[in-house]
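# Geometric and topological summary
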There are 2 protein chains.
Amino acid sequence: MATDAILAPADDRNINRRIGRPARTKCPPPFLSKTYDLLEEQEEENNKCKEQNKVVSWNVEGSGFVVWCPAEFSELMLPKYFKHNNFSSFIRQLNTYGFKKVASKRWEFQHIKFQKGCRHLLAEIARKKCEPSAFPAYLNPSEKSTLLARNEENTTRELLMEENQNLRKERLELQMQIAHFKTLEVKLLQCLSQCVGSPQNKTRRLF
Amino acid sequence: MATDAILAPADDRNINRRIGRPARTKCPPPFLSKTYDLLEEQEEENNKCKEQNKVVSWNVEGSGFVVWCPAEFSELMLPKYFKHNNFSSFIRQLNTYGFKKVASKRWEFQHIKFQKGCRHLLAEIARKKCEPSAFPAYLNPSEKSTLLARNEENTTRELLMEENQNLRKERLELQMQIAHFKTLEVKLLQCLSQCVGSPQNKTRRLF
DNA sequence: GGGAATATTCCC
DNA sequence: GGGAATATTCCC
């Protein structure tokens, strides 16, 4: 059983090994290297037999590439470089790395750093971040909106604390006022009892 | 070129398609189905030629399985079911689904719901969640602790609101007390002026 | 063993 | 096109 043939991409695995994050500049993502390899190797094939229809090639400017025949491309070429033969998976990867489809009637793709003859630029292409849009993937939408609401409330937290502080201050002032009134009351009552003498029924009616 | 042979796992792709989340119970994760298939099919092989050394098999109790020969297993069997021939990738998947290595000198693995003759249990096995330990992967530790702190503060938010409400209530009560005292003061002063007549200097000294 | 990046699939 | 689940790789 020709296992080597079955798992072609495994061979260059070591060459493409990416050592940690800092060494990133040295070594482009495998997908990009492989796609570039594919185009270079196919370009050679195209040059050999010019009469034949091309399956895939760089565009004339070398600023992108065209898959002229998606069916043959998927069946014959993809499995040589990747672990699948699905055109849509290939497209998905292109999108992940920020390639753009630049023609409506042709499978032509471009990326500013994916140019014929410029393999060194590949290392500067990064996967699109899975958008710092919000929250962990394991949360369902309802949980996310809860969190979102929470965060908004978090902003109100400062306002709450401020209001809280103001309320405490107000309370203190009110309590001082009341203390003052109590003293006043006592004094007034004293005064009343002094002035009026002892007919208590008169004072009683005030309360 | 025998493309079908190259991408064996693609064949049963449609059978294994998992339609949405709710239909989850119907259809186990491909990894589990394939591993189960592998064991069943290999069991048949083992029965055919009993003299040969087994590469992989259910354990005697049927409560798990043993990879007797990792090298042959990886080279010959893995590529028939998966898109690779790496024993370590296979192990990684087992761990992802919660299998345990249950022997020190043998590659024997068990999972409570992975039993010989119980294919229906497979659908109850779930991937380990990427641990709801905390936060999105793209956050660095400092950002995570910030979020953590925020969340703690978020808990205090409720307390703040409660205290706030209490303070408002208290304020209202205090204001009512003050209103009462003011009325009282007015009445006392009226009373005083009635009783004492007009020697105002006496009243003045109270304030 | 498992975290995390990349790859592949599936689905909207 | 891209979100998200699963698979594969790489590394600690």
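Residues numbered from 1 in each chain as written. Chains lettered and ligands numbered in written order. Predicted model: local features only at pLDDT ≥ 70, side-chain atom pairs only at ≥ 80, totals over all residues. Heavy atoms only, no water.

### A short note on the overall build of chain A
Stated formally: The way it works is that DSSP assigns letters per residue, a run of H or I at least four long becomes a helix, a run of E at least two long becomes a strand, and they are numbered from the N terminus. Throughout this description, buried means an accessible area under 20% of the type-specific maximum (1.4 Å probe, protein chains only), exposed means over 50%, and partly exposed covers the range between. For this analysis, residues touch if any pair of their heavy atoms sits within 4.5 Å. Working definition of accessibility: Shrake-Rupley area with a 1.4 Å probe, residue cover restricted to the visible protein chains.
Across its full length, chain A holds seven helices and four strands. In sequence order, chain A lays out its α and β elements as α-α-α-β-β-α-α-β-β-α-α. Per-residue burial over chain A gives 36% buried out of 207 residues. Long-range pairs, those at least 24 residues apart, make up 48% of the contacts in chain A between residues at least 6 apart in sequence. As displayed, chain A offers around 13,300 Å² of accessible surface, 53% of which is attributable to carbon and sulfur atoms.

### Topic: a positive patch on the surface
Defined as follows: Patch criteria: residues need more than 30% relative accessible area and no salt bridge. Like-charged residues are merged within 9 Å; nonpolar side chains of Val, Leu, Ile, Met, Phe, Trp and Tyr are merged within 5 Å. Each reported salt bridge corresponds to a side-chain nitrogen of Lys or Arg within 4 Å of a carboxyl oxygen of Asp or Glu. Counting rule for charge: Lys and Arg are taken as positive, Asp and Glu as negative, and neither His nor the chain ends is counted. The atom standing in for a charge is NZ when the residue is Lys, CZ when it is Arg, CG when it is Asp and CD when it is Glu.
Residues Arg 92, Lys 100, Arg 127, Lys 128 and Lys 129 of chain A make up a contiguous surface patch of positive charge. Here Arg 127 of chain A lies in the loop between strand S4 (107-110) and helix H6 (141-196).

### Brief notes about the sheet that holds strand S1 (residues 56-58) of chain B
Residue and element names in this part refer to chain B. Heads up, the rule is: Here, a strand pair is defined by DSSP locating no fewer than two bridges between the strands. The angle between two axes is taken between their N-to-C directions and runs from 0 to 180 degrees, where each axis is a line fitted to C-alpha atoms and a helix contributes only its stretch in contact.
Reading across from one edge, S1-S2-S4-S3 is the order of the four strands in this open sheet, with antiparallel pairing throughout. Edge strands, defined here as strands with exactly one partner in the open sheet, are S1 and strand S3 (100-101). Relative to strand S4 (residues 107-110), S3 runs antiparallel, the two being bridged by two bridges. Among the inter-strand pairings, Lys 101 is bridged to a residue of S4, identified as Phe 109. Each of S1 and strand S2 (65-67) touches helix H3 (residues 30-48); the most contacted strand, S1, lies at about 100° to it. Where helix H5 (residues 87-96) meets the sheet, its contacts fall on S2 and S4, and the angle it forms with S4 comes to roughly 25°.

### Some words on empty space enclosed by the protein
Our working rule: Lining residues are those with an atom within 4 Å of a point, where the points come from a 1 Å grid over the protein atoms alone and group into cavities, where a 1.4 Å probe fits but cannot get out, or pockets, open sets with protein on both sides within 12 Å along at least five of seven lines. Grid points are joined across faces, edges and corners, and a volume is the space filled by probe spheres set on the points. Here the term charged refers only to Asp, Glu, Lys and Arg, the term nonpolar to Ala, Val, Leu, Ile, Met, Phe, Trp, Tyr, Cys and Pro, and the term polar to all other amino acids, Gly among them.
The final tally for this structure, using the stated rule, is two cavities of 30 Å³ or more. The calculated volume of the second largest cavity comes to roughly 30 Å³. As for the second largest cavity, its lining consists of Phe 181, Leu 184, Glu 185 and Leu 188 of chain A together with Phe 181, Leu 184, Glu 185 and Leu 188 of chain B. Every element with two or more residues in the lining of the second largest cavity is listed here: H6 of chain A together with helix H6 (141-196) of chain B. By residue class, the composition of the lining of the second largest cavity is six nonpolar, no polar and two charged.

### Examining the packing of H3 of chain B against helix H4 (residues 70-81) of chain B
All names here are of chain B. In plain terms, the rule: Orientation categories follow fixed angle ranges, with anything under 35 degrees roughly parallel, anything over 145 roughly antiparallel, 65 to 115 roughly perpendicular, and all other angles oblique. Helix crossings get a hand from a simple test, with the near helix turned counterclockwise from the far one by less than a right angle marking a left-handed crossing and a clockwise turn marking a right-handed one.
Direction vectors running N to C along H3 and H4 enclose 120°, while the axes themselves pass 10 Å from each other. As far as their axial angle goes, H4 and H3 are oblique. The two elements H3 and H4 cross, and the hand of that crossing is right-handed. Listed contacts from H4 to Lys 34, Asp 37, Leu 38, Glu 41 and Gln 42 of H3 are Phe 73, Met 77 and Tyr 81. Looking at the contact of H3 with H4, its residues break down into four nonpolar, one polar and three charged.

### Quick word on the pairing of S4 of chain B
Residues and elements named next belong to chain B. Direction of pairing for S2 relative to S4: antiparallel, over a ladder of three bridges. Bridging across to S4, Phe 65 finds its partner in Phe 109. Where S3 folds back onto S4 in an antiparallel hairpin, the turn is made up of five residues.

### Quick word on the side chain of Glu 43 of chain A
Structurally, Glu 43 of chain A is set in helix H3 (residues 30-48). Setting aside anything within four residues of it in sequence, one finds Glu 43 of chain A in contact with Ser 57, Trp 58 and Lys 116 of chain A.

### Some remarks on the packing of aromatic side chains
Remark: the centre distance and the inter-plane angle together describe each pair of aromatic rings, the angle taken between the planes. All names here are of chain A. Quick reminder of the rule: For Phe, Tyr and Trp, rings pair up if their centres lie within 6.5 Å, where Trp contributes its six-membered ring, and each pair is then called stacked (planes under 30 degrees apart), edge-to-face (over 60) or tilted (otherwise). By the criterion adopted, a ring carries a charge over it if an Arg CZ or a Lys NZ lies within 6 Å of its centre and within 35 degrees of its normal.
Enumeration according to the criterion identifies 35 aromatic pairs over all chains in this entry. Residues Phe 31 and Phe 82 carry aromatic rings whose centres are separated by 5.5 Å and whose planes lie at 35° to one another, so their mutual orientation is tilted. Here the residue Phe 31 occupies a position in helix H3, and Phe 82 occupies one in the loop between helix H4 (70-81) and helix H5 (87-96), the gap between them amounting to 51 residues. Residue Phe 31 shares its accessibility class with Phe 82, and that shared class is buried. Above the ring of Trp 107, the side-chain terminus of Lys 101 is found at 4.9 Å from the ring centroid.

### Notes on the sheet that holds strand S3 (residues 100-101) of chain A
Think of a sheet as strands paired side by side through backbone hydrogen bonds, with each pair either parallel or antiparallel. All names here are of chain A. Taken in spatial order, the four strands line up as S1-S2-S4-S3 in an open sheet, and their pairing is antiparallel. Edge positions in the sheet fall to strand S1 (56-58) and S3, since each of these pairs with one other strand and no more. Sheet contacts for H3: S1 and strand S2 (65-67); angle to S1, the most-contacted strand, approximately 100°. Contacts from H5 reach S2 and S4, with the element oriented near 25° to S4.

### Quick word on H3 of chain B
Where we set the bar: In this analysis, the expected span of each helix is defined as 1.5 Å times one less than the number of residues it contains.
End to end, H3 of chain B covers 27 Å across 19 residues, agreeing with the expected 27 Å (1.5 Å per residue, within 8%). When we look at burial in H3 of chain B, the residues that qualify are Phe 31, Leu 32, Ser 33, Lys 34, Thr 35, Tyr 36, Leu 38, Leu 39, Gln 42, Glu 43 and Asn 46 of chain B.

### Some details on the environment of Gln 110 of chain B
All names here are of chain B. Here Gln 110 is to be found in strand S4. For the pair formed by Gln 110 and Lys 100, sequence separation is 10 residues and the distance between their alpha carbons is 5.3 Å. In this structure Gln 110 touches Asn 59, Ser 63, Gly 64, Gly 98, Phe 99, Lys 100 and Val 102, once residues within four positions along its chain are discounted.

### Some thoughts on the side chain of Thr 35 of chain A
All names here are of chain A. So the rule is basically this: Any pair of N or O atoms that falls within 3.5 Å is considered a polar contact. Within protein, one atom must be able to donate a hydrogen and the other to accept it, and sequence-neighbouring residues count only if both atoms are side-chain atoms.
Mapped onto the fold, Thr 35 is located in helix H3. By relative accessible area, Thr 35 is classed as buried at 2%. At 2.8 Å, the side chain of Thr 35 and the backbone oxygen of Phe 31 are in polar contact. The contact partners of Thr 35, leaving out residues within four places of it in the chain, are Phe 65, Phe 82, Phe 90 and Phe 114.

### Quick word on the pattern of salt bridges
Residue and element names in this part refer to chain A. Enumeration according to the criterion identifies 12 salt bridges over all chains in this entry. One salt bridge in this structure joins Arg 119 and Asp 37, with 2.8 Å as the shortest N-O distance. Linking Arg 119 in the loop between S4 and H6 with Asp 37 in helix H3, this pair joins segments that are 82 residues apart in sequence. Taking the relative accessible area as the measure of exposure, Asp 37 reaches 19% and is therefore buried.

### Describing the UniProt feature "domain: HSF-type DNA-binding" (unreviewed entry) in chain A
Defined as follows: UniProt positions are given in the numbering used here, feature names are shortened, and annotations may be inferred rather than shown by experiment.
Summarizing the sequence annotation, UniProt attributes the feature "domain: HSF-type DNA-binding" (unreviewed entry) to residues 78-102 of chain A in the numbering used throughout. Between the end C-alpha atoms of residues 78-102 of chain A there is a gap of 21 Å, over a span that is 56% helix and 8% strand.

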